[in-house]
There are 2 protein chains.
Amino acid sequence: MAAPTPTAAAAPGSGRGVLGFLRSPAPRSTHAFAASAASPGARPATVVRARSRPAAAPELVEQSVNAIRFLAVDAVEKAQCGHPGLPMGCAPLGHVLFDEFLRFNPRNPAWFDRDRFVLSAGHGCMLQYALLYLAGYEGVTMDDLKAFRQWRSSTPGHPENFETPGVEVTTGPLGQGFANAVGLALAEKHLAARFNKTDLKIVDHYTYVILGDGCQMEGISNEAASLAGHWGLGKLIAFYDDNHISIDGNTDIAFTEDVLARYEALGWHTIWVKNGNTGYADIRATIKEAKGVKDKPTLIKVTTTIGFGSPNKANTYSVHGSALGSKEVEATRSNLGWFHEPFHVPDEVKRHWSYHIDEGASLEAEWNAKFAEYEKKYHKEAAALKSIISGELPSGWDSVLPTYTPESPPDATRNLSQQCLNALATVIPGFLGGSADLATSNMTLLKMFGDFQRDTPEERNIRFGVREHGMGAISNGIAVHSPGLIPYCATFFVFTDYMRAAIRLSALSESGVIFVMTHDSVGLGEDGPTHQPVEHLFSLRAMPNILMLRPADGNETSGAYRIAILNRKRPSILALSRQKLPQLKGTSVDAVSKGGYTISDNSSGNKPDLILIGTGSELEIAEKAADELRKEGRTVRVVSLVCWELFEEQPEEYKESVLPNEVTSRISIEAGVTFGWEKYVGQKGKAIGIDRFGVSAPAGKIYKELGLTVESVIAAAKAL
Amino acid sequence: MAAPTPTAAAAPGSGRGVLGFLRSPAPRSTHAFAASAASPGARPATVVRARSRPAAAPELVEQSVNAIRFLAVDAVEKAQCGHPGLPMGCAPLGHVLFDEFLRFNPRNPAWFDRDRFVLSAGHGCMLQYALLYLAGYEGVTMDDLKAFRQWRSSTPGHPENFETPGVEVTTGPLGQGFANAVGLALAEKHLAARFNKTDLKIVDHYTYVILGDGCQMEGISNEAASLAGHWGLGKLIAFYDDNHISIDGNTDIAFTEDVLARYEALGWHTIWVKNGNTGYADIRATIKEAKGVKDKPTLIKVTTTIGFGSPNKANTYSVHGSALGSKEVEATRSNLGWFHEPFHVPDEVKRHWSYHIDEGASLEAEWNAKFAEYEKKYHKEAAALKSIISGELPSGWDSVLPTYTPESPPDATRNLSQQCLNALATVIPGFLGGSADLATSNMTLLKMFGDFQRDTPEERNIRFGVREHGMGAISNGIAVHSPGLIPYCATFFVFTDYMRAAIRLSALSESGVIFVMTHDSVGLGEDGPTHQPVEHLFSLRAMPNILMLRPADGNETSGAYRIAILNRKRPSILALSRQKLPQLKGTSVDAVSKGGYTISDNSSGNKPDLILIGTGSELEIAEKAADELRKEGRTVRVVSLVCWELFEEQPEEYKESVLPNEVTSRISIEAGVTFGWEKYVGQKGKAIGIDRFGVSAPAGKIYKELGLTVESVIAAAKAL
């Protein structure tokens, strides 16, 4: 096809428009851009003004809605498991939203200025898969629908952004998707404020989210809703699927609060669609109303019947999470007058939805043209925005990270971290973040920026309040909004416990968030065991696809940030000290990328008498103990194991060069549980740590009483 | 002194009243009963009717309030760290509540029918320590106040129930204490409904809690508040210290919701004390009003000035979490007219508060008399209540746990768990619990009981809704209410992530909750990686003072419950399967107490060729693989490592008898990350597991694709 815009034409032979620069190399990325205007298989696009899309004729709407319902029913029936109830109840909402309001390009699911849609009630994923299929997303075919919940299908049991193009975020654990949506809407508001010009609105999309009773009960959703109200996220529109049924039965048994009144208290605009089953006009009208409310997010409570259409199971918990059973499927077909084979979609429904392929291409082409104009007029801003959209880092970005010599003054790694954060913010356009009310303890303020607030959304310091869980999930949402948005978020390391479910989803959904976790051990002192992490390093080292970094000084802190920025598909957790630490001699920014390396050694032939292994604040102790032992004539190597995951990824040869198999005299020291250290100290070595909860006392006293001392290391060395 | 009640007289020579049966043997218990009427050091008690305690003269109140303020200021100043702001602002509320309303016996902090007080804003602990000191609690002396935040003092940096008699729960991590208070109030409502008689109200106390802005922002508090409103916990009175300041400054930057409106939406009665600094009359009147509202919990918003009295730091974040500094301390002394040495408490204040020692003794004596009468009239109920108060288990209680033979039908351990739960509920009076909206999946319903609800609080099935974090903390509150209350709570194992902060506090505060966690591996199948735990076993094995149990079949499930019930100072987590498992030959109820044991072996002389180690659902695979390998002539031992913590506690001799050092050919199989298994398989062994996230597919397919099979074990055995 002819490239409709000058920018597309500028990339001859590539098979894609110039926005091919926006392609992400990762195979599982939802951000794998393929500029629709030129992508193979796209139909010729005419520029359609899609701002107020007309509704289909009522009979066709009904057909479409039933097609959605039965795709869900049939897929669940075929899989013999799944959740038909929500799709059956929310099909009318799903149809109206996707067909009449949502702006997207099915042939380029990652088109930057698309509206975002999140199904926070992720168990109802067949609703989303059916809609993606109808709307023409190539990643969800009829075969995929038939392979619902099967090995390697693009239609897993809950929506997974890394499996299914068109799925924005990974949901299922309740409340998370809603908080992700707040993050997506924050990102839009921020980018719009930074990049839009009076004459060119280059960032302009809505975020829609469907959440159910379960999401509403979870505390995380209240945290996120409170922030969304505070920030005045006017382009966030949430649909509360009010079906009164959760797994244990009627919500009356555990959930009798006035949800709309709660949201009003949180600063939201609220509307109630009393008949979500057939009240199409109401659904339309409320979405229009919501779009018109610019200063507040909107919650639309849509009262639906779970399992709508099933004569014997509708409005019961049995339709929530189980197949209807063949008899009830037939009864439902009769009841809704749907006399088709399983998985049948009537031609007129297909024809109607095919409109979205052209429309999507047009929407993106239109935006591409606008971007070309933007680029001409606002070159500098366009370059920054491009970096945010593509995820391409400015060349030489890592040269801003500070380096240190042993003569540099001792400092807490939380302070050294702040130097990194502030340096990175000067060069990375999509770098932003904040703390859960501990900015001055976590040292996370970006000094050159103000606060992201309702009226200053262009700023980059996010004030999350004391809401760790919401903070984590909002950060995940920011990260998946655009490949070049790199959010960081911060609290005390021990409070990773509050946000662990969000950290896990960050890892699972490849969100690349940076978790800045200070006060990383009993070294925080007097606040006591409630604030002192001991098991956290291991509990996070055990999690797949996440980097747990514990830098020992300035160079390692810079190295840790370098790794964190480079790993865009794998989140990083930085454990940082409250207390001052010296700048060590053998540490290095680059070596952090190996995960573990030798910082000092007086042996030769890769055969020291003893290897001391430390991380973070205890590396200093290992180094001091080594000095003492060397004075006594021993050959001692000191190894910094700053990131176990990275070390494990090194070639065997390298690992052998750091931790030779032959040397079994090994001692580790780390201010946390020793459980897990067997991996590196072996059965003949000794792990020094803290196999108990901490205690409230000055840090030095705790270290001494719990045996985290040079003397302990020396004694252990002598005992080996 | 003369024992004032017949029951006390019935225990001659014991130095305590008959309620000496209520003593807990654990040295750190807050439940260490010492029947006040006869405890040494208690003054002669006259029965005082303390229902409406008169306020002290205004000048004396002011003196007392300033004494509290300066104890906090001076203690923080001496420690050179801590949080003076809250105690200075909340001293008026603290004084009125403790001096005029709270019913307690300072010489027996664990008197059963005391009012419960929780400082959810735990950083303000000097408020609580000052009040405990003034009120005559022997565990907090002037020396303790001077040792604030020092090693082994009873005045740690946040309130810790295991360190300080009179502190009901361990707080600091925000929102937790508030949710604990909901659990305490639930326990009271439940016990009152079960045991009170028209003529004898034997359970009748209030739960008071102070929470701050931070607590309000945390999602857990909304979860707990929603439940408290739903349940109509009329005897729960929460004070919201509305001081507008959190660590990052004015709460305007992140917290602008209408808190009272939110609580109204949650079904609470709300009141606002606009002047919490000097409005004593208002504070009194609102508490009276709150006590009169029987059908709803009450939130009293008390607007205070953080750091009240400090001329330069009041109403700023700098007074939140730092010592004032000697200059500002002096300025504050001048400003408030407090011209005393540090730590001085005027005699008239001491004299006034000394009243509580007598009063407390009388309150308890009165209750003891009532209990004696109750015991005569309602013998059976009294026996049950006694068991709940004392924590003494009925003799032979564990004989109700079911046992199985290899011929018993295969079943999911979640179902076997339900048999245990139902059996235990028949014999243990204080056994109650529920699920976070997964009762029919977790299999946690007690069939002989109905639902604990607003109008049926005597029932024992608690419906937590989809609120895992709140559930965990509420359960902690129930557990610490009385030694014999044994709460269990349930969700999918993967969602321990949502409640991890509460689980940690359960472990730290020795709460003895039983966490029933089903769907414990990829074996749950199609719901996919968001629902499939892989790292959770290790992340919880790493936590101090908690038992992570993963039973393999019916006998081990019964054994796990036996251990869980016996460990009243250490919570237990049971990881249970969704899928059916066979009843294995060598498993046993009793052996679970060893943590690890041999279930089959064809070797002699403690020297098998190979040891296979499994847990839970994979023990079956290990056993099958062993059978195959034995057919080939190998000697193979199969070990069930059902609870690592318990195994580690066994004598070396026993451990050697199960896992002899000499045998290095070891293979483990567990459907989770292999990280950590180095401990038992050593560097020459092999750990089979899942070092990645799971996937959505049928369970059998996942096991096969990920190599959790008999064939994998055999192949590994041959490779060793």
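Residues numbered from 1 in each chain as written. Chains lettered and ligands numbered in written order. Predicted model: local features only at pLDDT ≥ 70, side-chain atom pairs only at ≥ 80, totals over all residues. Heavy atoms only, no water.

- As recorded in an unreviewed UniProt entry, chain A goes by the name transketolase, listed as coming from Paspalum notatum var. saurae.
- UniProt annotates chain A under Sequence similarities (unreviewed entry) with the comment "Belongs to the transketolase family." (UniProt positions renumbered as here; feature names shortened; annotations may be inferred.)

A word on the overall build of chain A
Next up, step 1: Helix and strand counts for chain A come out as 25 helices and 21 strands.
Next up, step 2: By the compact-globule yardstick of 27 Å for 720 residues, chain A fits well, its C-alpha radius of gyration being 28 Å.
Next up, step 3: Long-range pairs, those at least 24 residues apart, make up 77% of the contacts in chain A with a sequence separation of at least 6.
Next up, step 4: Of the roughly 21,500 Å² of accessible surface on chain A, 51% is carried by carbon and sulfur atoms.
Next up, step 5: When the 72 positive and 81 negative side-chain charges of chain A are each reduced to one mean point, those points stand 3 Å apart. (Helix = DSSP H or I, 4+ residues; strand = E, 2+ residues; numbered from the N terminus. Rg over C-alpha atoms; globule rule 2.2 N^0.38 Å. Contact = heavy atoms within 4.5 Å. Areas by Shrake-Rupley, 256 points an atom, 1.4 Å probe, with all protein chains shown as cover. Lys, Arg positive; Asp, Glu negative; His and termini not counted. Charge placed at Lys NZ, Arg CZ, Asp CG, Glu CD.)

Brief notes about the packing of helix H2 (residues 58-79) of chain A against helix H11 (residues 326-336) of chain A
Residue and element names in this part refer to chain A.
Next up, step 1: Direction vectors running N to C along H2 and H11 enclose 170°, while the axes themselves pass 11 Å from each other. Considering their axes alone, H2 and H11 lie roughly antiparallel with respect to each other. Here Asn66, Arg69, Phe70, Val73, Asp74 and Glu77 of H2 come into contact with H11, specifically with Ser326, Val329, Thr332, Arg333 and Leu336.
Next up, step 2: Looking at the contact of H2 with H11, its residues break down into four nonpolar, three polar and four charged. (Axes fitted to C-alpha atoms, helices over the stretch in contact; angles between N-to-C directions. Parallel < 35°, antiparallel > 145°, perpendicular 65-115°, else oblique. Nonpolar A, V, L, I, M, F, W, Y, C, P; charged D, E, K, R; others polar.)

Some details on the nonpolar core
Next up, step 1: Within the largest apolar cluster, 156 residues are counted, with the highest numbers of intra-cluster contacts made by Phe431(A), Ile514(A), Leu612(A), Phe431(B), Ile514(B) and Leu612(B).
Next up, step 2: What Ile514(A) contacts, discounting residues up to four positions off in sequence, is Phe431(A), Ile486(A), Pro487(A), Tyr488(A), Cys489(A), Tyr561(A), Ala564(A), Ile565(A), Arg568(A), Ser572(A) and Leu574(A). (Core = buried A, V, L, I, M, F, W, Y, C linked by side-chain atoms within 4.5 Å. Buried < 20%, exposed > 50% of the residue type's maximum accessible area, 1.4 Å probe, protein only.)

Thoughts on the UniProt feature "active site" (unreviewed entry) in chain A
Next up, step 1: The feature "active site" (unreviewed entry), as annotated in UniProt, sits at Glu468(A) in this numbering.
Next up, step 2: Summarising the element assignment, Glu468(A) is placed in helix H16 (residues 468-481).
Next up, step 3: With residues up to four places along the chain from it excluded, the contact list for Glu468(A) reads Glu223(A), Ala436(A), Thr491(A), Phe495(A), Tyr498(A), Met499(A) and Glu218(B).

Considerations on the pattern of salt bridges
Next up, step 1: Scanning the model with the defined rule gives 62 salt bridges over all chains in all.
Next up, step 2: Among the salt bridges present, the one from Arg149(A) reaches Asp527(B), with a minimum N-O distance of 2.5 Å. Of this pair, Arg149(A) sits in the loop between helix H5 (142-146) and helix H6 (176-195) while Asp527(B) sits in the loop between strand S13 (514-518) and helix H18 (536-541), placing the two residues on different chains. Of the two residues, Arg149(A) and Asp527(B), both sit in the buried class.
Next up, step 3: Where Glu649(B) meets Arg570(B), a salt bridge forms, and the shortest distance between an N and an O atom there is 2.6 Å. With Glu649(B) in the loop between helix H21 (644-648) and helix H22 (652-658) and Arg570(B) in the loop between helix H19 (554-566) and strand S15 (572-575), this residue pair connects regions lying 79 residues apart in the sequence.
Next up, step 4: A cluster of three or more residues bridged by salt bridges with shared partners is formed by Glu188(A), Asp204(A) and Lys235(A). (Salt bridge = Lys/Arg side-chain N within 4 Å of Asp/Glu carboxyl O.)

Quick word on the UniProt feature "site: Important for catalytic activity" (unreviewed entry) in chain A
Next up, step 1: As recorded in UniProt, the sites labelled "site: Important for catalytic activity" (unreviewed entry) are His83(A) and His320(A). A maximum C-alpha distance of 5.4 Å is found for the annotated residues, which run over 238 residues; spatially they form one tight group.
Next up, step 2: Looking at His83(A), the relative accessible area reads 11%, which means it is buried.
Next up, step 3: Those residues in contact with His83(A) that lie beyond four places of it in its chain are Val76(A), His123(A), Gly124(A), Arg149(A), His320(A), Gly321(A) and Asp527(B).
Next up, step 4: Considering the arrangement of structural elements, one finds His320(A) in the loop between strand S7 (298-303) and H11.
Next up, step 5: The exposure class assigned to His320(A) is buried, which follows from its relative accessible area of 10%.

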